[in-house]
Amino acid sequence: MASTIKTTNINTPDGTGNITLDRPLAGGGTWNLISTTSPSGATTTTVTGLDVSSYGTYMAVFENWRHGTDNQNGFLALGDSGGIDEASNDYDFNIHRTRSDGAGYLEVGNTSDATGMQIFSGVGTATGEGGHCTVYICLSSGSATWPHIYGYHVTTNASGLLAQGTFGGQRNATMTVTQFRYKAVSGTHTGDITLYGLKKS
């Protein structure tokens with residue numbers, strides 16, 4: 001829907017005054033803020049409110065992310081109105097990671113994971129260590145495609161080295177995604193997850 005611009009109190013000829021928008025300029029292709037979730041010492045964090053009828057693609061931004069246990073990997077799982085899916089063979093994923101010392105290249109894949117899809121690798125817990133991550137969540141619509149995620153992360157690992165990588169994953173079935181969950185292999189996590197939806201029109 002087009003937005004209108006209203007002008008008030010324009011002083012000519014110098015043109016001073018105020019211009020206000022009748023409503024936000026939020027057409028197709030706009031990332032709209034949905035929610036921010038800030039776990040502190042949580043073992044799992046679930047973000048709800050995803051709706052394929054409103055947004056086909058969501059972006060989840062993990063900021064200032066820290067684990068309570070050193071050198072932990074983190075996983076994202078998808079859910080519908082019945083809860084989070086976590087049965088055997090539910091997920092495929094692949095993750096690549098490089099380090100600033102040029103060593104320690106990692107490629108991990110799994111075609112039958114129940115925990116979820118890996119998005120973080122080896123996050124440290126010492127002062128200054130932690131990570132940031134951006135995850136794109138592509139929802140399925142009907143039976144057209146399975147839900148997918150992809151994205152990238154940057155972390156300071158347990159050795160104080162910069163690590164960065166990319167990842168992708170899928171839920172091995174069609175589903176109406178309404179939520180996702182984050183958890184590490186063990187321990188707690190703290191940080192912020194900001195969720196955006198990509199407006200279709």
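Now for a look at the structure at hand. The structure presented is a predicted model; accordingly, all values stated were derived computationally and were not measured.

Calculation rules
Residues numbered from 1 in each chain as written. Predicted model: local features only at pLDDT ≥ 70, side-chain atom pairs only at ≥ 80, totals over all residues. Heavy atoms only, no water. Helix = DSSP H or I, 4+ residues; strand = E, 2+ residues; numbered from the N terminus. Buried < 20%, exposed > 50% of the residue type's maximum accessible area, 1.4 Å probe, protein only. Salt bridge = Lys/Arg side-chain N within 4 Å of Asp/Glu carboxyl O. Phe/Tyr/Trp six-rings, centres within 6.5 Å; stacked < 30°, edge-to-face > 60°. Core = buried A, V, L, I, M, F, W, Y, C linked by side-chain atoms within 4.5 Å. Contact = heavy atoms within 4.5 Å. Pairing = 2+ DSSP bridges.

Side note on the overall build of the chain
Consideration 1: A tally of helices and strands in the chain yields zero helices and 16 strands.
Consideration 2: Burial statistics for the chain: of 201 residues in total, 38% are counted as buried.

Things to note about the pattern of salt bridges
Consideration 1: One pass over the structure, following the stated rule, counts four salt bridges.
Consideration 2: Residue Arg171 is joined to Asp90 by a salt bridge in which the shortest nitrogen-to-oxygen separation is 3.4 Å. In this pair, Arg171 is assigned in strand S14 (residues 162–171) and Asp90 in the loop between strand S8 (83–84) and strand S9 (91–99), connecting sequence segments 81 residues apart. Here the two residues Arg171 and Asp90 agree in accessibility, since each one is buried.

Thoughts on the packing of aromatic side chains
Consideration 1: What the rule picks out here adds up to nine aromatic pairs.
Consideration 2: Measuring from centroid to centroid gives 6.2 Å for Phe62 and Phe120, while their planes differ by 85°, and the two rings are edge-to-face. Of the two residues, Phe62 sits in strand S6 (residues 55–67) while Phe120 sits in strand S11 (residues 117–123), which places them 58 residues apart along the sequence.
Consideration 3: Residue classification places Phe62 among the buried positions, given a relative accessible area of 1%.
Consideration 4: With relative accessibility at 0%, the residue Phe120 sits in the buried group.

Re the nonpolar core
One broad rule of soluble globular proteins: the nonpolar side chains tend to lie buried together.
Consideration 1: One finds Phe62, Ile119, Val135, Ile137 and Phe180 to be the most contacted residues of the largest nonpolar core, which totals 31 residues.
Consideration 2: Those elements giving two or more residues to this core turn out to be S6, strand S7 (72–80), S9, S11, strand S12 (130–138), strand S15 (179–184) and strand S16 (189–199).
Consideration 3: Sort the elements by how many residues they give to this core and S6 lands first, with five residues.
Consideration 4: Sequence-distant contacts of Val135, that is, excluding residues within four places in its chain, are made with Tyr58, Met59, Ala60, Phe62, Leu76, Ile119, Ile149, Tyr150 and Phe167.

With respect to the pairing of S15
Consideration 1: With five of six residues buried, S15 is to be regarded as a mostly interior element.
Consideration 2: Where strand S5 (residues 44–48) and S15 come together, five bridges link them in antiparallel fashion. The residue of S15 that forms the bridge with Thr45 is Tyr182.
Consideration 3: In the sheet, S7 pairs with S15 via six bridges, with the strands oriented antiparallel. Each bridged residue has a counterpart across the sheet, and for Phe75 the counterpart in S15 is Lys183.

Quick look at the environment of Gly122
Consideration 1: Along the chain, Gly122 turns up in strand S11.
Consideration 2: Excluding its chain neighbours within four sequence positions, the residues that come into contact with Gly122 are Asn71, Gln72, Asn73, Asn157 and Ala158.

Bear in mind that shape data such as this cannot, by itself, settle questions of function.
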